Amino acid sequence: MKIRIALGLFLVLIGALAAAGPYSFTGVGLCSMCHRGEANHMVYEKWLASKHAGAFKRLDPTKGEDKNPECVGCHTTGFGAGGYEIGAANAAKFEGVQCEACHGAGSAYKAVAVMKDPTLARQNGLIVPTEETCKTCHRSASPTFKGFDFTQALKMIDHRYRK
Ligand code: HEC
Ligand code: HEC
Ligand code: HEC
Ligand code: HEC
């Protein structure tokens, strides 16, 4: 019995660690250094032109929405996971739906030697986003939700160049 309880507690703790994740968020400023310009397929510029970049600006400060934990989670990057934090000095760094909201926290995969190696990058936290990734935000918990068509939505934010 005692062993079972101890094992159960152990698994819960492991679960909590997995949820927090071993990686930290860097902010889009860092990703942009290597992923901007014609030579790098305008990935950053495409993101900047997408609604995701301006998502935080949709929240109305006069109504306190920008400080409402029930709003900021899907309008910022890494909320509750070491990224955006309400009132934090570095909060501006994580405003909007940035690269890491879809590709995972970049502290370990950001190194160029890791980035260039697809296997190593994934082993260090890089996520290849799928429909499920989108649906962490594009779901009925969003007050403005009107459904989500993945194929259509992907076209609108597409920045793939190795097709
Ligand atoms: C020091 C430069 C550098 C930084 C910083 C950097 N990247 Fe990269 N990234 C690269 C290079 C180089 C590649 C490989 C490009 C290629 O093969 O076309 C790459 C590839 C990728 C890929 C495709 C990987 C694959 O295997 O499918 C993604 C996604 C990506 N980067 C996202 C990011 C994100 C998000 C950040 C910020 C957290 C970031 N990168 C920061 C240089 C960088
Ligand atoms: C579960 C994630 C989620 C939460 C929580 C959330 N949003 Fe959003 N928000 C989204 C998504 C995704 C969109 C894009 C449109 C859609 O599908 O709802 C969006 C769009 C918006 C827009 C633009 C709407 C439009 O029609 O152009 C506004 C304004 C907005 N949200 C405000 C808020 C406010 C205020 C709150 C808190 C009360 C909030 N959101 C909470 C995910 C969320
Ligand atoms: C961290 C939360 C989050 C994730 C993850 C996310 N989105 Fe969004 N998305 C938003 C929010 C918030 C908006 C609303 C931005 C605005 O209106 O300013 C939005 C807006 C959009 C829009 C613009 C919709 C319009 O009516 O113009 C598209 C397209 C979109 N998302 C596609 C995707 C796709 C595809 C994925 C997955 C690959 C994805 N999103 C993942 C939060 C998210
Ligand atoms: C809303 C989610 C979302 C955001 C935000 C986002 N990406 Fe992506 N990214 C994707 C998806 C989806 C793919 C395609 C994955 C696949 O190959 O199926 C992708 C692919 C990539 C690739 C590989 C391109 C290729 O041709 O294989 C790179 C590099 C990349 N993203 C970098 C970035 C960078 C840098 C940022 C921020 C400036 C960013 N992404 C923001 C969802 C996102």
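What counts, and at which threshold
For every chain, the first residue of the written sequence is number 1, and numbering continues from 1 along that sequence. Whichever chain is written first is A, and whichever ligand is written first is 1; the rest continue in order. pLDDT decides what is reported in this predicted model: residues at 70 or higher carry local features, side-chain atom pairs at 80 or more are listed and counted, and totals for whole chains, interfaces and linings draw on all residues regardless. Near, for a residue, is defined by distance from a backbone-placed C-beta atom to a molecule or strand, with 6 Å as the limit that must not be exceeded. Working definition: helices are DSSP H or I runs of at least four residues, strands are E runs of at least two. Numbering for both runs from the N terminus. Residue polarity follows a fixed list, in which Ala, Val, Leu, Ile, Met, Phe, Trp, Tyr, Cys and Pro are nonpolar, Asp, Glu, Lys and Arg are charged, and the others, Gly among them, are polar. Definition of nonpolar core: a set of buried Ala, Val, Leu, Ile, Met, Phe, Trp, Tyr and Cys residues joined via C-beta atoms within 7 Å. Burial in this document is a count-based property: other C-beta atoms within 10 Å of a residue's C-beta are tallied, and the residue is buried at 20 or more, exposed at 12 or fewer, or partly exposed in between, with C-beta positions derived from the backbone. By the convention adopted here, residues make contact when the C-beta atoms placed from their backbones lie within 7 Å.

Section: the site of ligand 1
- Around ligand 1, a shell composed of 17 residues is seen, among which Cys-31, Cys-34, Cys-99, Gly-106 and Pro-118 lie nearest.
- Counting residues per element, the ones that place at least two in the shell around ligand 1 are helix 2 (28-35), helix 5 (99-103), helix 6 (112-115) and helix 7 (118-123).
- Looking at which element gives the most residues to the shell around ligand 1, the answer is helix 2, with five residues.
- Here the shell around ligand 1 is composed, by residue class, of ten nonpolar, four polar and three charged.

Overview of the site of ligand 4
- Taken together, 20 residues form the shell around ligand 4, and within it His-35, Cys-99, Cys-102, Arg-160 and Arg-162 come nearest.
- With four residues, helix 5 is the largest single contributor of residues to the shell around ligand 4.
- Residue composition of the shell around ligand 4, grouped by class: 14 nonpolar, four polar and two charged.

Section: the nonpolar core
- Listed in full, the seven residues of the largest apolar core are Tyr-23, Phe-25, Cys-71, Val-72, Tyr-84, Phe-94 and Ala-105.
- The residues contacting Cys-71, other than those within four sequence positions of it, are Leu-59 and Glu-65.
- Counting residues in hydrophobic clusters, the runner-up holds five residues, among them Val-28, Cys-31, Tyr-44 and Cys-99.

Details of the environment of His-75
- Looking at where His-75 falls in the secondary structure, it is placed in helix 4 (residues 69-75).
- In sequence terms His-75 and Gly-54 are 21 residues apart; their C-alpha atoms lie 8.7 Å from each other.
- In this structure, His-75 is in contact with Ala-55, Phe-56, Arg-58 and Leu-59, ignoring residues within four places of it in sequence.

Regarding the environment of Lys-110
- As for its placement among the helices and strands, Lys-110 is situated in the loop between helix 5 and helix 6.
- Taking the C-alpha atoms as reference points, Lys-110 and Leu-30, separated by 80 residues in sequence, lie 8.3 Å from one another.
- In contact with Lys-110, not counting residues within four places along its chain, are Thr-26, Leu-30 and Met-115.

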